[in-house]
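Understanding the architecture of this molecule
Single-letter residue listing:
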Amino acid sequence: MTADPDDHRNPYVARERILRTAYDLFSRRGIRAVGVDEVIERSSVAKATLYRHFRTKNELVIAFLERRQQVWTRELVLDESGRRGQTPEERLLAMFDVLDEWIHSDDFDRCTFINVLLEMGPDHPVGKAAIGYLEELRDMVKQRADEAGLYRTEEFARSWHILMKGSIIAAYEGDGDAARRAKRMAADLIEQHRSPDEPTRVPAGTSAPGR
């Protein structure tokens, strides 16, 4: 393949074409199933052009994850839920409305960060990057919980994140109401964190006091 003229006129054009191609392929098929040569062919660039912008496949995957964080986490889940709620609590709960609509759209492709983490493992550089982006979402949930005046917001954010991830996996299993179910549980979680005290925990198989 001859050198890509776009890379000489405007390097951004070639880089963006590579990244858009990789985004589509990695989102649909995962990381290991997509080779660099396929990205090169489908993006119509020279091999030297790709390696000029991304020295390794890992660099390309990490750039894909960064783009995914911007497109899915920030612009879809956070920005859209932020527009739908008037208060921090409403903006938190609206996250599940956004997830529900996404689950029922043609763009539903599971959680990329979970997929990559499971595929590559937590010790792989790409897996570590996926963990970092999952942590970023959890931090954003914690920030909304802080704004709502909730207590124990680190624990809250971790529990909330479990509901989000669980609803996505359940939806992929075929439960079309997963995000709506998770939203009801999320409302209960908010109530549990209105108080600075830990809620009374009843051991499994026993009855609460007074019952």
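Predicted model, so just to flag it, every value in this text is computed and none were measured.

Looking at the largest pocket, its volume works out to about 190 Å³. Lining of the largest pocket is provided by Tyr-23, Asp-24, Ser-27, Arg-28, Arg-68, Val-71, Trp-72, Leu-76, Trp-102, Asp-107 and Asp-109. Elements with a contribution of two residues or more to the lining of the largest pocket: α2 (11-29) and α5 (57-84). Split by residue class, the lining of the largest pocket holds 5 nonpolar, 1 polar and 5 charged.

If you trace the backbone, Glu-135 turns up in helix α8 (residues 125-147). Take Glu-135: its relative accessible area is 37%, and that puts it in the partly exposed class.

Bringing the side chain of Ser-43 into the picture now. On the secondary structure map, Ser-43 appears in helix α3 (residues 36-43). Only 2.5 Å separates the side chain of Ser-43 from the backbone oxygen of Val-39, close enough to count as a polar contact. Once you skip the residues sitting within four places of it in the chain, Ser-43 turns out to touch Arg-17, Ile-18 and Thr-21.

Here we take up empty space enclosed by the protein. Within the structure shown, the criterion is met by 1 cavity of 30 Å³ or more. Around the largest cavity sit Trp-72, Cys-111, Leu-134, Leu-137, His-161, Met-164, Lys-165 and Ile-168, which together line it. Here the lining of the largest cavity takes 4 residues from helix α9 (residues 153-173), the largest share from any one element. Taken together, the residues that form the lining of the largest cavity break down as 6 nonpolar, 1 polar and 1 charged.

Our focus in this paragraph is the pattern of salt bridges. Two side chains bearing opposite charge may form a pair once their charged atoms approach each other closely. Inspection of the entire model under this criterion finds 20 salt bridges. Where Arg-55 meets Glu-59, a salt bridge forms, and the shortest distance between an N and an O atom there is 2.7 Å. Overall, Arg-55 belongs to the exposed group, its relative accessible area being 64%. In this structure, the salt-bridge partner of Asp-175 is Arg-181, at a minimum N-O distance of 3.0 Å.

Excluding glycine, residues mostly have negative phi values, and the peptide bonds linking residues are mostly trans. A positive phi is found at Ser-44, a non-glycine position, where the angle reads about 55°. Here Ser-44 lies in the loop between α3 and α4 (47-53). Its identity is not glycine, yet Arg-152 carries a phi of approximately 55°, on the positive side. If you trace the backbone, Arg-152 turns up in the loop between α8 and α9.

Let us look at α5. Given a rise of 1.5 Å per residue, 28 residues ought to cover 40 Å, and the 38 Å separating the end C-alpha atoms of α5 matches this to within 8%. Along α5, the largest kink reaches about 30° and is centred on Arg-74. Buried within α5 we find Leu-60, Val-61, Ala-63, Phe-64, Leu-65, Arg-68, Gln-69, Trp-72, Thr-73, Val-77, Leu-78 and Ser-81.

So, on to the packing of α8 against α9. Direction vectors running N to C along α8 and α9 enclose 125°, while the axes themselves pass 8 Å from each other. With respect to α9, the element α8 is oriented oblique. Between α8 and α9 lies a crossing of right-handed hand. Within the contact between the two elements, α8 uses Leu-134, Leu-137, Arg-138, Val-141, Lys-142, Ala-145 and Asp-146 and α9 uses Thr-153, Glu-154, Phe-156, Ala-157, Arg-158, Trp-160, His-161 and Met-164. Looking at the contact of α8 with α9, its residues break down into 8 nonpolar, 2 polar and 5 charged.

Procedures and definitions
Residues numbered from 1 in each chain as written. Predicted model: local features only at pLDDT ≥ 70, side-chain atom pairs only at ≥ 80, totals over all residues. Heavy atoms only, no water. 1 Å grid on protein atoms, 1.4 Å probe; cavity = no way out; pocket = protein on both sides within 12 Å on 5 of 7 lines; lining within 4 Å. Points joined across faces, edges and corners; volume = space filled by probe spheres on them. Helix = DSSP H or I, 4+ residues; strand = E, 2+ residues; numbered from the N terminus. Nonpolar A, V, L, I, M, F, W, Y, C, P; charged D, E, K, R; others polar. Buried < 20%, exposed > 50% of the residue type's maximum accessible area, 1.4 Å probe, protein only. Polar contact = N/O pair within 3.5 Å; in protein donor to acceptor, adjacent residues only side chain to side chain. Contact = heavy atoms within 4.5 Å. Salt bridge = Lys/Arg side-chain N within 4 Å of Asp/Glu carboxyl O. Expected span 1.5 Å × (residues − 1). Bend = angle between axes of the 7 residues up to and from the residue. Axes fitted to C-alpha atoms, helices over the stretch in contact; angles between N-to-C directions. Parallel < 35°, antiparallel > 145°, perpendicular 65-115°, else oblique. Left-handed = near helix turned anticlockwise from the far one by under 90°.

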